[in-house]
Amino acid sequence: LAFMIVEIALLQRFTLFLGHPSYSLVVVLFALLLTTAAGAAGSSRFAPARLGRVLLVGGIGLAALAALGAVALAGVLHAMIGASLTVRVLLTAVLVAPSGVLMGAMIPAIVRVLAEAGSPLIPWGWGVNGATSVIGTVIATVIAIYGGFTATFVVGAIAYLAAGLLGARVARQLPSD
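Visitor: Please give an account of the packing of helix 5 (residues 85-116) against helix 6 (residues 122-172) that cites residues and values.
Guide: Following both chains from N to C, one finds helix 5 and helix 6 inclined at 30°, their axes separated by 5 Å at the closest point. What the angle tells us is that helix 5 and helix 6 run roughly parallel. Side by side, helix 5 and helix 6 meet where Met-103, Met-106, Ile-107, Ile-110, Val-111, Val-113, Leu-114 and Ala-115 of the first sit next to Ile-122, Trp-126, Asn-129, Tyr-160, Ala-163, Gly-164, Gly-167, Val-170 and Ala-171 of the second. Residues belonging to the contact of helix 5 with helix 6 are distributed by class as follows: 14 nonpolar, three polar and no charged.

Here is the structure:
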């Protein structure tokens, strides 16, 4: 849910900056896909006992990035709107990348935590993930329409903070080696 809310906020915020919704979709989605893959691969390097910290840091980091997106992203984009399309595309990718890396670490980390605990919740988690991916786009769009892009980023920040705290709490329940 948090992923979709922040992704939709990023897509919406970068549309004007890049000059067309299709540019925003291609650049933001490509940057997110590439960097979430890197984040997922990076999360596999952590031992299960450290995944609680990965989830906590990821959630707090994403909350901070989304909050920063709410208060500062518009100003940065406004200052750079006169740059060439190539520069704007590269800047978009650079600005999206940190969120993508952290986003990519969250799901694999919690799946590994649950697997380590022998939890039967993994299939349920994938089902909830799929459902909230669909519902999240609608929720994010409604928030953006009625509250604006800033509110959408704030809701995403709250959702990621909650996800990080919850993930860290679940990871603490693991038996220590």
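Visitor: Any details on helix 1 (residues 2-18)? Residues and values, ideally.
Guide: For helix 1, built from 17 residues, the straight-helix expectation of 24 Å at 1.5 Å per residue is met to within 8% by its first-to-last C-alpha distance of 24 Å. At the exit of helix 1 stands Gly-19, carrying a positive phi of roughly 95°.

Visitor: Account for helix 2 (residues 21-43), with residues named and values stated.
Guide: For helix 2, built from 23 residues, the straight-helix expectation of 33 Å at 1.5 Å per residue is met to within 8% by its first-to-last C-alpha distance of 32 Å. Along helix 2, the residues that are buried comprise Ser-24, Val-27, Val-28, Ala-31, Leu-32, Thr-35, Thr-36, Gly-39 and Ser-43. Residues of helix 2 that are buried make contact with helix 1, helix 3 (51-71) and helix 5.

Visitor: Outline the environment of Phe-3, supporting the account with residue identities and numerical values.
Guide: Position of Phe-3 relative to the elements: it lies in helix 1. Overall, the relative accessible area of 27% leaves Phe-3 in the partly exposed class. Here the alpha-carbon distance between Phe-3 and Leu-161, two residues 158 residues apart in the chain, equals 12 Å. Excluding its chain neighbours within four sequence positions, the residues that come into contact with Phe-3 are Thr-36, Met-103 and Tyr-160.

Visitor: Describe in detail the packing of helix 1 against helix 2, supporting the description with residues and values.
Guide: In contact at an axis separation of 8 Å, helix 1 and helix 2 are set at 135° when each is read in the N-to-C sense. Here helix 1 lies oblique to helix 2, going by the angle between them. Viewed along their axes, helix 1 and helix 2 form a crossing whose handedness is right-handed. Contact with helix 1, carried on its side by Phe-3, Glu-7, Leu-10, Leu-11, Phe-14, Thr-15 and Leu-18, involves Pro-21, Tyr-23, Ser-24, Leu-25, Val-27, Val-28, Leu-29, Leu-32 and Thr-36 of helix 2 and no other residues of that element. Here the residues of the contact of helix 1 with helix 2 are counted per class, giving 12 nonpolar, three polar and one charged.

Visitor: Could you give an account of the environment of Gly-82, with specific residues and numbers?
Guide: Take Gly-82: it is sitting in the loop between helix 4 (73-80) and helix 5. Note on Gly-82: relative accessible area 74%, which makes it exposed. With 45 residues separating them along the chain, Gly-82 and Gly-127 place their C-alpha atoms 44 Å apart.

Visitor: If you had to explain a nonpolar patch on the surface to someone new, which residues and values would you point to?
Guide: Taken together, the side chains of Leu-1, Val-134, Ile-135 and Ile-139 make up a nonpolar region of the molecular surface, amounting to roughly 330 Å² of accessible area. On the accessibility criterion, Ile-135 (44% relative accessible area) is partly exposed.

Visitor: Describe the side chain of Ser-24, naming the residues involved and giving the relevant values.
Guide: Within the secondary structure, Ser-24 is located in helix 2. Apart from the residues lying within four places of it in its own chain, the contact partners of Ser-24 are Leu-10, Leu-11, Phe-14, Thr-15, Leu-18 and Leu-29.

Visitor: If you had to explain the confidence of the model for the protein chain to someone new, which residues and values would you point to?
Guide: Mean pLDDT over the protein chain: 94, with 98% of residues reaching 70 or higher. Per-residue pLDDT, averaged within each element of the protein chain, yields its smallest value for helix 6 (95) and its largest for helix 2 (97).

Criteria and cut-off values
Residues numbered from 1 in each chain as written. Predicted model: local features only at pLDDT ≥ 70, side-chain atom pairs only at ≥ 80, totals over all residues. Heavy atoms only, no water. Axes fitted to C-alpha atoms, helices over the stretch in contact; angles between N-to-C directions. Helix = DSSP H or I, 4+ residues; strand = E, 2+ residues; numbered from the N terminus. Parallel < 35°, antiparallel > 145°, perpendicular 65-115°, else oblique. Contact = heavy atoms within 4.5 Å. Nonpolar A, V, L, I, M, F, W, Y, C, P; charged D, E, K, R; others polar. Expected span 1.5 Å × (residues − 1). Buried < 20%, exposed > 50% of the residue type's maximum accessible area, 1.4 Å probe, protein only. Left-handed = near helix turned anticlockwise from the far one by under 90°. Patch = residues over 30% accessible without salt bridge, like charges linked within 9 Å, V, L, I, M, F, W, Y side chains within 5 Å. Areas by Shrake-Rupley, 256 points an atom, 1.4 Å probe, with all protein chains shown as cover. Salt bridge = Lys/Arg side-chain N within 4 Å of Asp/Glu carboxyl O. pLDDT = per-residue confidence, 0-100.

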